[in-house]
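# A structural walkthrough
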Amino acid sequence: MATSTRALFLSCFHGGGSEVSRHLVLRPRYPSVPRRPKAATVAGERGGGGGGGDLEAAAVVEEDEEKVAVFAVSGMTCAACAGSVEKAVKRLPGIHDAAVDVLSNRAQVVFEPAFVSEDKIRETIQDVGFEAKLIDEEVKEKNILVCRLHIKGMTCTSCASTVESILQVVPGVQRASVALATEEAEIRYDRRIVAVSQLTNAVEETGFEAILITTGDDQSRIDLKVNGTLNKRSILIMKNSIQALPGVEDIKVDTELNKITISYKPDQTGPRDLIEVIESVASGDLTVTIYPEADGRQQHRHEEIKRYKHSFLWSLVFTIPVFLTSMVFMYIPGLKDGLEKKVFNMMSIGELLRWILSTPVQFVIGRKFYTGAYKAVSHGSSNMDVLIALGTNSAYFYSVYSILRAAISHNYMATDFFETSSMLISFILLGKYLEILAKGKTSEAIAKLMDLAPETATMLIYDHEGNVMGEKEIDSRLIQKNDVIKVVPGGKVASDGFVIWGQSHVNESMITGESRPVAKRKGDTVIGGTMNENGVLHVRATFVGSESALAQIVRLVESAQMAKAPVQKFADQISRVFVPLVIIISLLTWLAWLLAGSFHGYPNSWIPSSMDSFQLALQFGISVMVVACPCALGLATPTAVMVATGVGALQGVLIKGGQALESAQKVDCIVFDKTGTLTIGKPVVVNTRLLKNMVLREFYDYVAAAEVNSEHPLAKAILEHAKKFHSGENYIWPEARGFISVTGHGVKAEVSDKYVMVGTKSFMLSSGIAIPVEALEIVTEEEEKARTAIVVAKDQEVVGIISVSDPIKPNAREVISYLKSMKVESIMVTGDNWGTANAISKEVGIENIVAEAKPEQKAEMVKELQLAGRTVAMVGDGINDSPALVSADVGLAIGAGTDVAIEAADIVLMKSNLEDVITAIDLSRKTFFRIRMNYVWALGYNIIGIPIAAGVLFPSTRLRLPPWVAGAAMAASSVSVVCWSLLLRYYKSPKLVR
C-alpha cells in the first residue's frame, strides 16, 4: 500500500497541459528501487515557480494487456474516504492494483482493459459517493527508457552541442544531454519508435564513435565470458538450454569475443543459475565467468589516456630533432655549417631534415585533428580541431612551399615553420593527455563508491529441511535474490538484505555517513558495502546488482553529473560562434599585418632577419588561430559540478545535478518542517517525576506491564525507556490482567495485584482519581515546554508523572545560528499547534514560525516568499512536505523520510543530519565560486591571449607570441581549469561551534 501511494503521489504531481509552474522530475531513487506499480515518468523539467494550481494531468497508457488510469476524485475528506474508494475499485474484475490519495484527490488504477473499462471504474467511484473524472495524460511509460552512450572524439563544447542537436531531432527522442567532461550522452527515448542502434548510428554519422553503456532496460542483463571453443552446435544447445530457464528474456552470442549477453527476470533466475546451465550442457568443455569489462567507461578512459600518451611520446621522437635543428644547432659552429649546406639549389640539409621529420607528426600522429575537423565541417559546425588543423596546415604547407621554391631557385632564401606545426601538435597532445588524466580524477567519488562492494561473498548452502550443510565462496556479482550470505566480523556486507540470524554492529558510514555503528539483529535490514563490526550475521539477499542501494546511489550521482547547470548555457552560446569568430580574427590579423607591411613598410627592427613581411603576418595569423581555446569554456562548469556531486555523495549529501547546485548557492531563506526535520520524529521519555517513595525500575515495571498491549506511539516510547532498566533484550514484563484501552486517554490494568492507570490528566479525573497540586504543577510546567505529561496512578493514587517529547535534533540550535551567519533566514512551518511550535522555535532559535499549516499552505508560503524576491529552500521529510519541496527553489529531503519526499527533492540528506543543510549550501557556494573563477580564467585567457597573439604589443615592445608557444598556452588553459575544479576534492564541511 505504501508503494502504491508513492507511485500515485508521484504521478499526481506531474503536470500536463495546465499552466503549472513547477514540475517534478523523476530521478533515480535512494535507497530502494521502485516496486510495482512504478512511479510515473515526467516529460517536463522542474521550472521555477509554484507547485500549486490544478494539475490537469494524467493518464491512460496501453502497453501489452495492461493499462494505467488516473482519476480526479472530489469529495474525499479523510483516509476512510480514500479507503472506501480503493476497496470498491479493487472488487472489480481485471484490477491489478489501485491506490487512492486523499491529499491530492487522485486515484491511480492498474487494470486489464479486456475485463474492465475506464468508464466502469469511474462509475464505481461515483457509486461510492464521490465525483470522478478521468485524466488524459500518460503516467505510465514502461516504453520510455534512458540510455547512456560513451562518445569518443569530442574535444570542446561545440562537439558536444553538435551531437546533442543531432540526437534531439531523432524521432522518438524526448531529451538528450551530452556532457563533455564525462564524454557521455544521456538519452531519454521511446523504444517503440527508436532503437538504441539508431541512436548510436546518429552519433556516428556526426563523425564521433558511440559505445553503448546501458540501454535503460538492462537492470537484469549480464555479460558472460565463455572460456573454450564455441561452434554452431554448442551455441544452439546452449541457447536452447538457457531459454528453457524461467525468466530468461533474450540471449545474444558474440563468437568473436566469446561473449554471451543474457536478459532475465531476477525474481525467477540469476547469473549463477545461468552459468551452471551453460557449464552443465558443455560437459566440462567450457568454463564461464562474468565478463571482465565491469566498467566500460573506465576502460575507455584508460585506453584514451594510453593513446594520447603514445601519440605524445611518438611526436617527441620527431619534434625534438626538428626543434634542435631549427633553434639550437643553428647557434653551434660546425653543426650550423652542416645544416646550412645546400642540397638542391638554395634548399639546405636542415630544411630537408625538418620537412622529413615534421611530416609524420603532421599527417600520422596529427591525423585525429584532420578527421575531427572534417567531421565538424561536414556537419556545418566548427570545433577546436578546425583551429588546430588550419593553424598547423598553414605553417606546414607554407614551409613546404618555401623550401620547394628554394629548391628551384638560385637566389630565394627559404624560411620554414616546420618546428611550429610539429611543436604545436606535440604541445596540444600533451595538454590533452594531462586534461584527460585530470578529468578522470573528477569521477573518483563514483569509483570510491563502487569499490565499497566486496569482490567475494560467503554463501550458505541449506538442505531441504533448512539446515546449513556448508558454505561456498562466490563472486559477489553472482549473488541472487533470497541467497543467504554469511558476514563475518570485519567483513563487508555483500548485498542488501535482512538479518535472519545473529547480531552485530554494522558501520554504515560509507553509505549513510552515520559515524556510529548501528546495532543489527534478526529482522533488521543491512546495506551492501557496509562493514560488519563484531558479530557473525546471516543475511538474506533482497536487492542485488543494479537494484542495490549502492548501485542506486552511484546511478543518481552519475545522473547528477550529466545534468547541466543553467550557467552552462552561457558557455554553450559562446561556443556556437567562438571558432568561426576566431578564424575571422585570424584572417583579419594576417591581412592587417600584410597590408601594413605592403603599403607602409615595417621598420627594419620590427622584422626578424630570417622573415619577410608576409611571413611575419602569417605567424601572427597562426598564433591567433591556435591560442584561442574553446575547451576551457566548455569544461568550466561540468568539471566543477562533477567533482561537487561526487564529494557531496561521499559526505552524505546527494545532489541531483547542476540545477540544484546553482539554485542552492543563491538560497537566502530556508523553510524547515518541524517533525522529523528539526525534531527526531518519534516520541521519547525525557523526564520522570516520582511523587511516592519507590524504586524507579519498579515504577517502570508497573507502567510497562500496563502499556505493553497498547499500540499508541507514546506507549511504545515508554516501553523503550523501561527496557533500559533491564539488561536482557527480551525481558518479560509482569502479567497485566483486565487490560482496558480508552482511545486518546490512556490504559488501565491489574499488575501484580495492583490497579494501575496510565494516561492523561482528564483520564484520571474522569476515573475519580484526585490529582495533587504538586502533580498539577508538574503537568502544567511540562506542557509549557511542549511536552506530553502522562500521569501514572497505582491503586487510585497518583505516584508519578512521565514526560514524553519529540526531542530536538542534536545541534539544531547551532545549525540555525550558523545559517544566520551565512545570511540565510530560517522559518519553521508545522502542522502542529501553536503552543508546541512556539516552544520548539524558542529552543532552536527560529523567530519566524507558522503553525497549524496544511500541506498546501506550506507550498503557498513558499510561493509567497518567492514572490517577495527570496530564493527559498525547503527542508522536509514527509509526504505532507512534498508539495512544498517541489515548489521551493531547492528541495532538501531528510534521508530517513518518505520515498515521496526523497523523490520530490533536489538534494537528499542521507544522514538525516541538519548539519548537512549547511554542507549543501556551503558546497554549492564554493562550487560556483570555482565555476566563476573558471570562466574568469577561460574568458580572460582568450581576451588577453588573442590580442597578444595578433601582435598588439609588437609595435611598442617587439613582443610576439610564436605559434608553438601559443599552442602550449592553449593546452595549459584547459588543464588549469580542470585542476582548479579538482581542488573541490579537498572540500571540508563547516564545523559548528558547540
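Residues numbered from 1 in each chain as written. Predicted model: local features only at pLDDT ≥ 70, side-chain atom pairs only at ≥ 80, totals over all residues. Heavy atoms only, no water.

We count it as follows: UniProt positions are given in the numbering used here, feature names are shortened, and annotations may be inferred rather than shown by experiment.
As annotated in an unreviewed UniProt entry, the protein is P-type Cu(+) transporter from Zizania palustris. A UniProt comment under Catalytic activity (unreviewed entry) is attached to the protein, and it reads "Cu(+)(in) + ATP + H2O = Cu(+)(out) + ADP + phosphate + H(+)". The UniProt entry for the protein carries the following comment under Sequence similarities (unreviewed entry): "Belongs to the cation transport ATPase (P-type) (TC 3.A.3) family. Type IB subfamily."

### Things to note about the overall build of the protein
Threshold: Going along the chain from the N terminus, every DSSP run of H or I of four or more residues is numbered as a helix, and every run of E of two or more is numbered as a strand. Using a 1.4 Å probe, accessible areas were evaluated by the Shrake-Rupley method; residue-level cover was limited to the displayed protein chains.
Within the protein one finds 33 helices and 37 strands. If you sum the accessible surface of the protein, you get close to 43200 Å²; carbon and sulfur atoms cover 55% of it.

### Details of the environment of Asn258
The following threshold applies: Whether two residues are in contact is decided by their heavy atoms, any of which lying within 4.5 Å being enough.
Position of Asn258 among the secondary structure elements: in the loop between strand S11 (248–254) and strand S12 (259–264). It is 7.2 Å that separates the C-alpha atoms of Asn258 and Asn227, two residues lying 31 residues apart in sequence. Asn258 has contacts with Leu224, Lys225, Val226, Gly228 and Leu230, leaving out every residue within four places of it along the chain.

### Digging into the pattern of salt bridges
What counts, and what does not: Just to be clear on terms, a salt bridge is a Lys or Arg side-chain nitrogen sitting within 4 Å of an Asp or Glu carboxyl oxygen. Buried residues are those whose accessible area, probed at 1.4 Å on protein chains only, stays under 20% of the maximum for their type, while exposed residues exceed 50% and partly exposed ones sit between those limits.
On inspection of all chains with the given rule, the structure shows 20 salt bridges. Between Lys926 and Asp922 there is a salt bridge whose closest N-O contact spans 3.0 Å. Of this pair, Lys926 and Asp922 both sit in helix H31 (residues 915–949), separated by four residues, roughly a single helical turn. Here Lys926 falls in the partly exposed class, since its relative accessible area comes to 37%.

### Side note on the pairing of strand S7 (residues 173–179)
Which entries qualify depends on this criterion: Pairing between two strands is assigned when DSSP locates at least 2 bridges connecting them.
Counted residue by residue, S7 has five buried out of seven residues, so it is predominantly covered. When S7 meets strand S8 (residues 184–190), the two strands line up antiparallel, connected through six bridges. Looking across to S8, one finds that Arg175 is bridged to Arg188. Counted along the chain from S7 to the antiparallel partner S8, the turn is four residues long, and its residue Glu183 has a positive phi close to 55°.

### Brief notes about the UniProt feature "transmembrane region" (unreviewed entry) in the protein
As annotated by UniProt and renumbered to match this structure, "transmembrane region" (unreviewed entry) occupies residues 311–332, 344–365, 386–408, 420–438, 577–596, 616–636, 935–955 and 961–984. Annotated as residues 311–332, this span is 82% helix and 0% strand, and its ends, taken at the C-alpha atoms, are 30 Å apart. Along residues 344–365, the helical share is 77% and the strand share 14%, with 28 Å between the first and last C-alpha atoms.

### A word on a nonpolar patch on the surface
Counted only if it meets this: Exposure above 30% relative accessible area and the absence of a salt bridge qualify a residue for a patch, where like charges join within 9 Å and nonpolar side chains (Val, Leu, Ile, Met, Phe, Trp, Tyr) within 5 Å.
Among the surface-exposed residues, Val343, Phe344, Ile349 and Leu353 lie close enough to one another that they form a single nonpolar patch of about 310 Å² accessible area. Of all the elements in the fold, those that place two or more residues in the nonpolar patch are strand S14 (342–344) and helix H10 (349–365). Ile349 sits in the partly exposed class, given a relative accessible area of 31%.

### Focus on the sheet that holds strand S28 (residues 736–742)
We count it as follows: The convention used is that axes are lines fitted to C-alpha atoms, helices contributing only their stretch in contact, and that angles between N-to-C directions extend from 0 to 180 degrees.
Strand order in this open sheet of six strands is S27-S32-S31-S30-S29-S28, and the pairing throughout is antiparallel. With partners counted over all chains shown, the strands left at the sheet margins are strand S27 (684–690) and S28, one partner each. When the angles between neighbouring strand axes are averaged without regard to direction, this sheet yields 15°. With six bridges joining them, strand S29 (residues 746–751) and strand S30 (residues 754–759) adopt antiparallel strand pairing. Its bridge partner lying in S30, Glu750 is registered against Tyr755.

### Overview of unusual backbone geometry
Positive phi, close to 50°, is recorded for Asn345, a residue that is not glycine. Along the chain, Asn345 turns up in the loop between S14 and strand S15 (347–348). Despite not being glycine, Asp753 shows a phi value in the positive range, around 65°. Position of Asp753 among the secondary structure elements: in the loop between S29 and S30.

### Comments concerning the nonpolar core
What counts, and what does not: Working definition of a nonpolar core: buried Ala, Val, Leu, Ile, Met, Phe, Trp, Tyr and Cys residues. They are joined through side-chain atoms within 4.5 Å.
Counting 119 residues, the largest nonpolar core has Leu167, Ile187, Ile670, Phe672 and Ile907 as its most contacted members. Broken down by element, the residue count for this core peaks at 12 residues, all from H31.

### Focus on helix H27 (residues 834–844)
When we look at burial in H27, the residues that qualify are Thr836, Ala837, Ala839, Ile840, Ser841 and Val844. The elements touched by buried residues of H27 are helix H21 (674–678), helix H25 (773–784), helix H26 (812–821), strand S33 (825–829) and strand S34 (848–850). A positive backbone phi angle near 90° is found at Gly845, which sits one or two residues after H27.

### Quick notes on the packing of H26 against H27
The cut-off we apply is this: In what follows, roughly perpendicular refers to angles from 65 to 115 degrees, roughly parallel to angles under 35, roughly antiparallel to angles over 145, and oblique to any angle outside these ranges. Think of it as three bins: nonpolar holds Ala, Val, Leu, Ile, Met, Phe, Trp, Tyr, Cys and Pro, charged holds Asp, Glu, Lys and Arg, and polar takes everything else, Gly as well.
Two elements in contact, H26 and H27, have axes whose closest approach is 8 Å; the angle formed by their N-to-C orientations is 70°. Between H26 and H27, the angle falls in the class roughly perpendicular. Of H27, the residues touching H26 (which contributes Ala812, Arg813 and Ile816) are Lys842, Glu843 and Val844. By residue class, the composition of the contact of H26 with H27 is three nonpolar, no polar and three charged.

### Focus: helix H28 (residues 855–867)
Using the following cut-off: By this rule the span expected of a helix is its residue count minus one, scaled by 1.5 Å. This arc is taken over the directions from the axis of the helix to the C-beta atoms.
Given a rise of 1.5 Å per residue, 13 residues ought to cover 18 Å, and the 19 Å separating the end C-alpha atoms of H28 matches this to within 8%. Those residues of H28 not exposed but buried are Pro855, Lys858, Ala859, Met861, Val862, Leu865 and Gln866. Looking down the long axis of H28, one finds its buried residues gathered within 155° of arc, a one-sided arrangement. Opposite the packed face of H28, turned more than 90 degrees from it, sit the exposed residues Glu864 and Leu867.

### A short note on the side chain of Thr392
Among the structural elements, Thr392 can be located in helix H12 (residues 384–407). Every residue in contact with Thr392, bar those within four places of it in the chain, is listed here: Gln362, Ser421, Leu424 and Ile425.

### So, the sheet that holds strand S36 (residues 890–894)
Strand order across the open sheet formed by seven strands is S25-S37-S36-S35-S26-S33-S34, with mixed pairing between neighbours. Each edge of the open sheet carries a strand with a single partner, namely strand S25 (653–655) and S34. Strand-to-strand, the axes of this sheet are offset by a mean angle of 20°, without reference to chain direction. Packing against the sheet, H28 makes contact with strand S26 (669–673), S33, S34 and strand S35 (872–876), and its axis sits at approximately 155° to S33.

### A few points about the packing of helix H11 (residues 367–378) against H12
Where we set the bar: Here a crossing is called left-handed whenever its near helix is offset anticlockwise from the far helix by less than a right angle, and right-handed whenever the offset is clockwise.
One can describe the packing of H11 onto H12 by two numbers: an axis separation of 8 Å at closest approach and a directional angle of 125°. Taken together, H11 and H12 sit at an angle that is classed as oblique. Crossing geometry of H11 relative to H12 is assigned as left-handed. Taken together, the residues of H12 that come into contact with H11 (itself represented by Lys368, Phe369, Tyr370, Gly372, Ala373, Ala376 and Val377) are Asp385, Val386, Ile388, Ala389 and Asn393.

### Some thoughts on the environment of Glu276
Turning to its location among the elements, Glu276 is positioned in helix H7 (residues 271–281). On the basis of relative accessibility, which here comes to 45%, the residue Glu276 falls in the partly exposed class. Linking Glu276 and Ile242, residues 34 residues apart in sequence, is a C-alpha distance of 9.9 Å.

### Topic: the packing of aromatic side chains
Which entries qualify depends on this criterion: By convention, a stacked pair of Phe, Tyr or Trp rings (six-membered ring in the case of Trp) has centres within 6.5 Å and planes under 30 degrees apart, an edge-to-face pair has planes over 60 apart, and any other such pair is tilted.
Counted according to the given criterion, the structure contains 14 aromatic pairs. On the basis of an interplanar angle of 20° and a centroid distance of 5.8 Å, the ring pair of Phe363 and Tyr370 is categorised as stacked. Looking at Phe363, the relative accessible area reads 34%, which means it is partly exposed. Here the aromatic rings of Tyr396 and Phe397 are separated by 5.2 Å at their centres, their planes lie at 90°, and the arrangement is edge-to-face. Looking at Tyr396, the relative accessible area reads 4%, which means it is buried.

### Description of the confidence of the model for the protein
Filter applied, for reference: Confidence of the predictor at the level of single residues is given by pLDDT, which spans 0 to 100.
Mean pLDDT over the protein stands at 79; residues scoring 70 or higher make up 84%. When the criterion is pLDDT under 50, residues 1–64 qualifies, and its contacts beyond four places in sequence or with other chains add up to 187 contacts. Per-residue pLDDT stays below 50 along residues 137–141; that stretch engages in 27 contacts with residues further than four places along the chain or on separate chains.

### Looking at the environment of Lys723
Assignment of secondary structure puts Lys723 in helix H23 (residues 713–723). Lys723 gets classed as partly exposed once you look at its relative accessible area, which sits at 38%. Along the sequence, Lys723 and Asp701 sit 22 residues apart, while their C-alpha atoms lie 9.1 Å from each other.

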